Amino acid sequence: MKRSRRVTVRIVAAVIPVLLLAACTAEAPRPTASIKPTSTAKAWVSTYTAPAATVLAPLRGTPVPPGSAAHPSLAVKIDNHEAARPQIGLESADIVFEELVEGGITRYVGVWHSDIPKLIGPVRSIRPMDPDIITPFGGIVAYSGGQPQFVKAMEATPVVNAVFDYDRSGLFYRIDTKSSPHNVVVKARTLVGRYPKLAPPRQHFAYAATAAASSAVVDGKAIRTIQTRFSTARWPSWAWNAKANYYLRSQEGAPDRNSKGAQLKATNVVVMRVGIDRRYGDVPKTTMIGSGEAWVSTGGRSLRATWVKRYPSSPISLVDGNGVTIRLAAGNTWIELVPTKQGSVQLVP
């Protein structure tokens, strides 16, 4: 009997591990086929296109492609006699100065850089204040001639002089649609193309990022018409046209039109009160070195300012009553150099 118990115990002891192993084997999960993740969604691709790089046109403040402004500016003396109107190419100038000359009439110094037309004219002679106006732009100046002392002063500047009286290359010629001496034109694009290594002009004025951020719009007063008088013979004016978003120019009460029949226009109108130097007798010299009162008009609003020009090579600086640099709107600018004594300025709300 004792032997029988020992056998039983041994059998039980041997069976228990087998049962436990079976139990563990039954609880283990059955292997399944592997599942590979799949996706039908396409990879996201951006459609954003980076805008082309731009730089600011130095005499307009408008964005232009890099490299497109890498050429010199061209200043031209432009006739404003009645027989010279309408002028050729004046509407595409970046900056236009109107100055008093003998007899109470006016002439222009137009400066082209952003858009140089094929022809510009009528071209007239140089005057004593022109070196001070043109020198800061560098580049090239075109004119018909002038008194030897004035020509000599212009030739003494770093600006390349192109003169009708001395030209033998065909850059200048007379057109038959106007009478002499109001019929000389210059091949502007050809002239600029002859000097590819001349430096472009430096930026002259400060420009706001938007017209609404320009100094006159932010801090100025609403002005509808800018009336100026150089003499009893010349009284140009500018009227704000909100629909066109430009100032429209008139002379002696009549619309001032370009060669295509459209009224001349400006984004910015700057009126500078200037002294007149009478050392040359009947030929007045606008005093450009110094400072004086000014009005800057943009977007139908005008801001009182001070103009400053320290040296012949210095650009004109425009500051407000706090001495802060005035910012123009991007676009073309006309500058009226109105004499302080015989001239006048009236801003009409």
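Just so it is clear, the model here is predicted, and its values are computed rather than measured.

K.L.:
Explain the pairing of strand β21 (residues 290-298) here, please?
P.N.:
Along a regular strand, successive side chains alternate from one face of the sheet to the other. Both strand β18 (residues 268-274) and β21 contribute to a ladder of five bridges, which runs antiparallel. Bridging from a neighbouring strand, Val270 pairs with Val296 of β21. With nine bridges joining them, β21 and strand β22 (residues 301-309) adopt antiparallel strand pairing. Residue pairing across strands places Gly290 opposite Lys309, the latter belonging to β22.

K.L.:
Can you help me understand a positive patch on the surface in this one?
P.N.:
Taken together, the side chains of Lys118, Lys187, Arg189 and Arg194 define a basic patch exposed on the protein surface. Within the secondary structure, Lys118 sits in the loop between β5 (106-112) and β6 (119-120).

K.L.:
What am I meant to see in the pattern of salt bridges here?
P.N.:
If you walk through the whole model with that rule in mind, you get 13 salt bridges. For Arg60, the salt bridge identified is with Asp94, shortest N-O distance 2.5 Å. Of this pair, Arg60 sits in the loop between β1 (55-56) and β2 (63-64) while Asp94 sits in the loop between β3 (74-78) and β4 (95-100), placing them 34 residues apart in sequence. Comparing Arg60 with Asp94 shows no difference in burial state: the two are buried. One salt bridge in this structure joins Arg234 and Glu252, with 3.8 Å as the shortest N-O distance.

K.L.:
Sorry, what's going on with helix α3 (residues 148-155) here?
P.N.:
Of the positions making up α3, those classed as buried are Phe150, Val151 and Met154. For α3, the buried positions fall inside an angular range of 100 degrees around the axis, keeping them on one side. Among the exposed residues of α3, those pointing more than 90 degrees away from its buried face are Pro148 and Lys152. The elements touched by buried residues of α3 are α2 (130-134), β7 (140-143) and β8 (160-163).

K.L.:
When you look at the side chain of Thr333 in this model, what are you seeing that I'm missing?
P.N.:
Structurally, Thr333 is set in strand β25 (residues 333-339). Given the relative accessible area of 0%, Thr333 is considered buried. Dropping the residues within four chain positions of it, Thr333 is found in contact with Asp94, Ile95, Val96, Asn268, Val270 and Leu328.

K.L.:
So what exactly am I meant to see when it comes to the packing of aromatic side chains here?
P.N.:
How two aromatic rings sit relative to each other is set out by the distance from centre to centre and by the angle between their planes. Evaluation of the coordinates by the stated rule reveals six aromatic pairs. Aromatic pair Trp238 and Trp334: ring centres 5.2 Å apart, planes at 65 degrees, arrangement edge-to-face. Note that Trp238 is positioned in strand β14 (residues 236-241) and Trp334 in strand β25, a separation of 96 residues in sequence. Among the residues examined, Trp238 registers a relative accessible area of 0% and is labelled buried. In this structure an aromatic cluster arises from ring pairing among Tyr108, Trp238 and Trp334.

K.L.:
How do you make sense of the nonpolar core when you look at a structure like this?
P.N.:
One recurring pattern in soluble globular proteins: nonpolar side chains tend to sit buried together. Counting residues in hydrophobic clusters, the biggest one holds 38 residues, and the most contacted among them are Phe97 and Met272. Aside from chain neighbours lying at most four places away, what touches Met272 is Met288, Glu293, Ala294, Trp307, Ile316, Ile335, Glu336, Leu337 and Val338. Residues Val76, Leu100, Ala162 and Phe172 belong to the second largest nonpolar core, which totals 35 residues.

K.L.:
Mind showing me how you'd approach the sheet that holds β6 here?
P.N.:
Strands pair in a sheet through their backbones, by hydrogen bonds, and they do so in one of two ways: parallel or antiparallel. Within the open sheet, the three strands sit side by side as β6-β10-β9. Their pairing is antiparallel. Each edge of the open sheet carries a strand with a single partner, namely β6 and β9 (172-174). Pairing geometry for β6 and strand β10 (residues 184-187), over two bridges, is antiparallel. Of the residues in β10, the one forming a bridge with Leu119 is Lys187.

Cut-offs used in this document
Residues numbered from 1 in each chain as written. Predicted model: local features only at pLDDT ≥ 70, side-chain atom pairs only at ≥ 80, totals over all residues. Heavy atoms only, no water. Pairing = 2+ DSSP bridges. Helix = DSSP H or I, 4+ residues; strand = E, 2+ residues; numbered from the N terminus. Patch = residues over 30% accessible without salt bridge, like charges linked within 9 Å, V, L, I, M, F, W, Y side chains within 5 Å. Areas by Shrake-Rupley, 256 points an atom, 1.4 Å probe, with all protein chains shown as cover. Salt bridge = Lys/Arg side-chain N within 4 Å of Asp/Glu carboxyl O. Lys, Arg positive; Asp, Glu negative; His and termini not counted. Charge placed at Lys NZ, Arg CZ, Asp CG, Glu CD. Buried < 20%, exposed > 50% of the residue type's maximum accessible area, 1.4 Å probe, protein only. Arc of directions from axis to C-beta. Contact = heavy atoms within 4.5 Å. Phe/Tyr/Trp six-rings, centres within 6.5 Å; stacked < 30°, edge-to-face > 60°. Core = buried A, V, L, I, M, F, W, Y, C linked by side-chain atoms within 4.5 Å.

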